[in-house]
Amino acid sequence: MSADPSSGESTGGALPGGPAHPPHQARAGRLADNIVYFARVLRDAGLPVGPASVIDAIAAVEVAGIASREDLYWTLHAVLVTKREHHAVYDEAFRIYWRNRQLIEKLLAMLSPIARPQAPTAKPKAGASRVNKALSSGAEPVRQVERPEVEIDARFTVSDREILQKKDFAQMSAAEIGAAKAELSRLILPEHKVRIRRLRPKASGRLFDPRATFRSTLRAGGEIIRLERRDRREIHPPIVALLDISGSMSQYSRIFLHFLHALTEKRRRVTTFLFGTRLTNVTRQLRMRDPDEALDATSALVADWSGGTRIATALTTFNRVWSRRVMGQGPIVLLITDGLERDSEEDLAQAMDRLNRSCRRLIWLNPLLRFDGFEAKARGIRLMLPRVDEFRSVHNLDSIADLCRSISGGERSGRTDPKAWL
Amino acid sequence: MTSTETGRRPLPRSIDETVALLEEAGYIADRSLATVLHLSLRMKRPLFLEGEAGVGKTEIAKVLSKTLRRRLVRLQCYEGLDISSAVYEWNYPAQMIEIRMAEASGGIDRAELAAGIFSERFLIKRPVLQALEPDLAGPPVFLVDELDRADEAFEAFLLEVLAEAQLTIPELGTIRAAEPPIVIITTNRTREIHDALKRRCLYHWVDYPDAERERRIVHSRLPGVAVRLSAEVVAFVQALRTMDLFKAPGVAETLDWATALTELDQMALDPTVVSDTLGVLLKYQDDIQRIQGSEARRIVEDVRQQLASA
């Protein structure tokens, strides 16, 4: 290959019959560089691609014996994509990044053992400039693809954040909210545990532990046999929270998010969804340590703050898309909504039925309960009531402590029985 | 490969060879799956398969074991799966007898007895340990089925086994596989598997096949089904998958349905028989209710038109 990049591109280096050469460090490095940059593009686009994955990707390309663009596509896909959701981003990034067909063929040729030898001094510079060009033209469109979305979200959230700040948590002052936040993050949730089939040693356990018994027996030389016992381990059941963020609920959204953030930190398996007119999974966002960061990330993700509400649609979507993924371990479901619904009633009944059947316990937290004269009159509420296991009030900090008790399943007064309200 | 034993079948050397290998046992894979599988075999990395139920995830391990003539070690996961049922257990009754014997013969040397009691003789090997054992035909295919059903504690344990191909038995020491097994992990995604485990594997989402590939699958699996019927069955199922159902039918359901219709002596789709046998395809009452009757009739007509025009 000559030093002139324009003539080098068209022919490529992979003519069969050329002398066989062991893969050269410097030549393999060019493709490796590209994979590294490509991985960086993916990372910028939001894929969790760590350095270890990049090393794997390079190894994979070397091992796979790649002959075509499609092979490279799937080889990198195998290593760099670990979630189905990421496929679309990867696809777009790959298409843009490896757009230059001649570049890709050339890089593959460099890796191929039957590639022609190349002038080592002239090569790096010519190749590098083209790679840089491909990079700068490749990386930016990916960011541009993302940018419009971010801007739209930002616009929504900026305006809505104002609403939240003005109205939040039913006329509490900023200082009080601060105190509430502190209280919430200190809150120790009551132990509510379910027995699982995994065993652990326990002196007063019901089951015989042969292994521990043998160890202790041998320690005594086989003379004295002391029975060791074990019992079933108890763990917290997972929690799935479905939080209504429509206009009528907007004054409570923020405090609930703080509560769910604290809960996510305390318990390992908490999954949170927000719904107004559409359903958003914010579990990852709420996992951020800093509550403000977590809430900022959440509000950036959600576009339908304080809008309308479509409970039936949201629940149907949840049932269809997420139910099988997050309801596998018998979770407690917290449905936080005022139940003011505009969707068709039949759909709502069906969605609620399915939701109720697929969880351990369905708890409806309704802020409307704080009004003393609350009666279940709205049709949506009357439809949902018979389909939940518990119906609880949550409108101030006392009630969030109440909510914790309700999750723990301790208190069962008549006020929480949904049938009492019908 | 590294081994020179006779009878050991070499691993496929290219993606095309991998496709051919799977097809030998009647598994029609698309190129993306073959690529990932090829890589996992070459790089000796576990293959992590995720997908809806009935798309042929478990089948890959079975087919691999068959075509490569390797032993298949299967670990079916469930809640509460622990070391004693997944990895190893000591044979307590035998140990007990050993102790009694030692007592009866008198003069117990405590250290000797302890060493004797916890030796390989008294070890019951469960799937994970079996998968690490050497085999003349080459390292076995280790299928970890439905990992999402096991609890997270087990996942963490598996991490160590997968990364190092070794495990430690406190009383016995570390057991290390000379060659790592071919590991296939499947999950139905009833919960998310931790990223740390996924990172050690090659990931692939097994999707529903397209019409062409599904026809080939039906043909290769059920050679007895009439050509017209299989084409109509596949087109019908493909149409169902585009609808907004709670659970779309998988390939396994397609095969079941084709078998069922053949058993009923059908040569082509008939709307009433379709409605009567929907339970083979759809497993949720809401879905069946939606499709039964007029909707089934409409899809059958669409399918016929589509096949006639093609």
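Residues numbered from 1 in each chain as written. Chains lettered and ligands numbered in written order. Predicted model: local features only at pLDDT ≥ 70, side-chain atom pairs only at ≥ 80, totals over all residues. Heavy atoms only, no water.

This part takes up the domain arrangement of chain B. Residues and elements named next belong to chain B. If you check the domain split of chain B, you get domain 1 (15-87 + 126-205), domain 2 (91-120) and domain 3 (211-309). Between the C-alpha centres of domain 1 and domain 3 there is a distance of 32 Å. Carbon and sulfur atoms make up 45% of the surface buried where domain 1 meets domain 3, a total of about 790 Å² over both sides. Looking only at domain 1, the three residues that lose the most surface to domain 3 are G26, I28 and G54, adding up to 54% of its buried area. In this structure, the connection of domain 1 to domain 3 is made through 2 salt bridges. (Domains from an automatic or database assignment. Buried area = accessible area lost by both parts, 1.4 Å probe. Salt bridge = Lys/Arg side-chain N within 4 Å of Asp/Glu carboxyl O.)

The next thing to look at is the interface of chain B and chain A. With 53 residues of chain B at the interface, the matching set in chain A holds 43 residues. When chain B packs against chain A, the two sides together hide about 4,500 Å² of surface, and 53% of this comes from carbon and sulfur. The interface formed by chain B and chain A holds 7 salt bridges in total. Between B:E192 and A:R325 there is a salt bridge, with its nearest N and O atoms 2.3 Å apart. Where chain B touches chain A, the interface holds 12 residue pairs in polar contact (both at pLDDT 80 or more). If you list the elements that add at least two residues to the side of chain B that touches chain A, you get helix 2 (31-43), strand 3 (88-90), helix 5 (92-105), helix 6 (110-117), helix 8 (152-164), helix 9 (195-199) and strand 9 (202-205) of chain B. Among the elements that make up the side of chain B that touches chain A, the one with the highest residue count is helix 2 of chain B (8 residues). In terms of residue class, the side of chain B that touches chain A is built from 25 nonpolar, 6 polar and 22 charged. (Contact = heavy atoms within 4.5 Å. Polar contact = N/O pair within 3.5 Å; in protein donor to acceptor, adjacent residues only side chain to side chain. Helix = DSSP H or I, 4+ residues; strand = E, 2+ residues; numbered from the N terminus. Nonpolar A, V, L, I, M, F, W, Y, C, P; charged D, E, K, R; others polar.)

Here we take up the packing of aromatic side chains. A ring pair, where both rings are aromatic, is described by two values, the distance of the centres and the angle of the planes. Residues and elements named next belong to chain B. Inspection of the entire model under this criterion finds 19 aromatic pairs over all chains. The interplanar angle of 25 degrees and the centroid separation of 6.0 Å between the aromatic rings of F48 and Y203 together place this pair among those described as stacked. Placement of the pair is F48 in strand 1 (residues 47-50) and Y203 in strand 9, with a sequence separation of 155 residues. The two residues F48 and Y203 agree in class, both being buried. Plain terms: the ring middles of Y88 and W90 are 6.4 Å apart, the flat faces sit at 80 degrees to each other, and that makes the pair edge-to-face. (Phe/Tyr/Trp six-rings, centres within 6.5 Å; stacked < 30°, edge-to-face > 60°. Buried < 20%, exposed > 50% of the residue type's maximum accessible area, 1.4 Å probe, protein only.)

On the surface, a nonpolar cluster with roughly 370 Å² of combined accessible area is contributed by A:F208, A:I225, A:L227 and B:M96. Take B:M96: it is sitting in helix 5. (Patch = residues over 30% accessible without salt bridge, like charges linked within 9 Å, V, L, I, M, F, W, Y side chains within 5 Å. Areas by Shrake-Rupley, 256 points an atom, 1.4 Å probe, with all protein chains shown as cover.)

Looking now at the side chain of B:S275. Relative to the elements of secondary structure, B:S275 occurs in helix 13 (residues 271-276). According to the relative accessible area criterion, B:S275 is buried, its value standing at 12%.

Here we come to helix 1 (residues 15-24) of chain B. Inspection of helix 1 of chain B places B:I15, B:T18, B:V19, B:L21 and B:L22 among the buried residues, and these make up the whole buried set. Buried residues of helix 1 of chain B, viewed axially, fall in a sector of 160 degrees; they line one side. Across from the buried face of helix 1 of chain B, at angles greater than 90 degrees, the exposed residues are B:D16 and B:E24. Looking at the buried side of helix 1 of chain B, the elements it contacts are helix 4 (69-80) of chain A together with helix 2 and helix 3 (57-67) of chain B. Among the residues trailing helix 1 of chain B, B:G26 stands out with phi positive, at a value near 80 degrees. (Arc of directions from axis to C-beta.)

Moving on, we get to the sheet that holds strand 2 (residues 72-76) of chain B. Residue and element names in this part refer to chain B. Taken together, 5 strands build an open sheet; the order of strands is 2-5-8-1-9 and the sheet is parallel. Only two strands of the sheet have a single neighbouring strand rather than two, namely strand 2 and strand 9. In this sheet, adjacent strand axes meet at a mean angle of 20 degrees when their direction is disregarded. Relative to strand 8 (residues 182-187), strand 1 runs parallel, the two being bridged by 4 bridges. Opposite L49, over in strand 8, you have T186 as the bridge partner. The strands that helix 2 touches are strand 1, strand 8 and strand 9; relative to strand 9, the one it contacts most, it runs at about 160 degrees. (Pairing = 2+ DSSP bridges. Axes fitted to C-alpha atoms, helices over the stretch in contact; angles between N-to-C directions.)

Moving on, we get to the environment of B:D135. Counting through the fold element by element, B:D135 comes out in the loop between helix 7 (127-132) and strand 5 (141-145). For the pair B:D135 and B:E179, spaced 44 residues apart in the sequence, the C-alpha separation amounts to 9.5 Å.

Within the largest apolar cluster, 55 residues are counted, with the highest numbers of intra-cluster contacts made by A:F38, A:L76, B:L64 and B:I184. Setting aside residues up to four positions removed in sequence, B:L64 forms contacts with B:L21, B:L37, B:L41, B:R69, B:V141, B:I182 and B:I184. Core analysis: the second largest hydrophobic core is formed by 43 residues, B:L75, B:F142, B:V161 and B:A177 among them. (Core = buried A, V, L, I, M, F, W, Y, C linked by side-chain atoms within 4.5 Å.)

For the rest of this paragraph, the subject is the sheet that holds strand 2 (residues 207-208) of chain A. Hydrogen bonds between backbone groups are what pair the strands of a sheet, and the pairing can be parallel or antiparallel. Residues and elements named next belong to chain A. Read from one edge to the other, the open sheet built from 3 strands follows the order 1-3-2, with strand pairing classed as antiparallel. Both outer strands of the open sheet, strand 1 (194-201) and strand 2, are each paired with one neighbouring strand and no more. For strand 1 and strand 3 (residues 229-235), the ladder comprises 5 bridges, and the chain directions are antiparallel. Counterpart to P201 in the pairing with strand 3 is R230.

Right, let's talk about the packing of helix 4 of chain A against helix 5 (residues 86-97) of chain A for a bit. All names here are of chain A. Remark: helix 4 packs on helix 5, axes separated minimally by 11 Å, with the N-to-C direction vectors making an angle of 140 degrees. Judged by the angle between their axes, helix 4 and helix 5 are oblique. The hand of the helix 4/helix 5 crossing is right-handed. Residues R69, L72, Y73, W74, L76 and H77 of helix 4 touch helix 5, and the partners they reach there are H87, Y90, D91, F94 and R95. When the residues that make up the contact of helix 4 with helix 5 are grouped by side-chain class, the tally is 6 nonpolar, 2 polar and 3 charged. (Parallel < 35°, antiparallel > 145°, perpendicular 65-115°, else oblique. Left-handed = near helix turned anticlockwise from the far one by under 90°.)

Next up on the list: the side chain of A:D71. For A:D71, the position within the fold is in helix 4. What makes A:D71 buried here is its relative accessible area of 3%. For A:D71, the side chain forms a polar contact with the side chain of B:R31, separated by 3.3 Å. Sequence-distant contacts of A:D71, that is, excluding residues within four places in its chain, are made with A:I66, B:I15, B:R31 and B:T35.

Moving on: the pattern of salt bridges. Opposite charge on two side chains permits them to pair, given that their charged atoms come into close proximity. All names here are of chain B. According to the stated counting rule, one finds 34 salt bridges over all chains in the structure shown. Across the pair R8 and E179 runs a salt bridge, and its minimum N-O distance is 3.1 Å. Remark: E179 occurs in the loop between strand 7 (173-176) and strand 8 and R8 occurs in the segment before helix 1; sequence separation between them is 171 residues. A relative accessible area of 14% places R8 in the buried class. Among the residues examined, E179 registers a relative accessible area of 25% and is labelled partly exposed. A salt bridge links E24 to R9; the shortest N-O distance between them is 2.9 Å. Taken together, the residues E24 in helix 1 and R9 in the segment before helix 1 connect sequence positions 15 residues apart.

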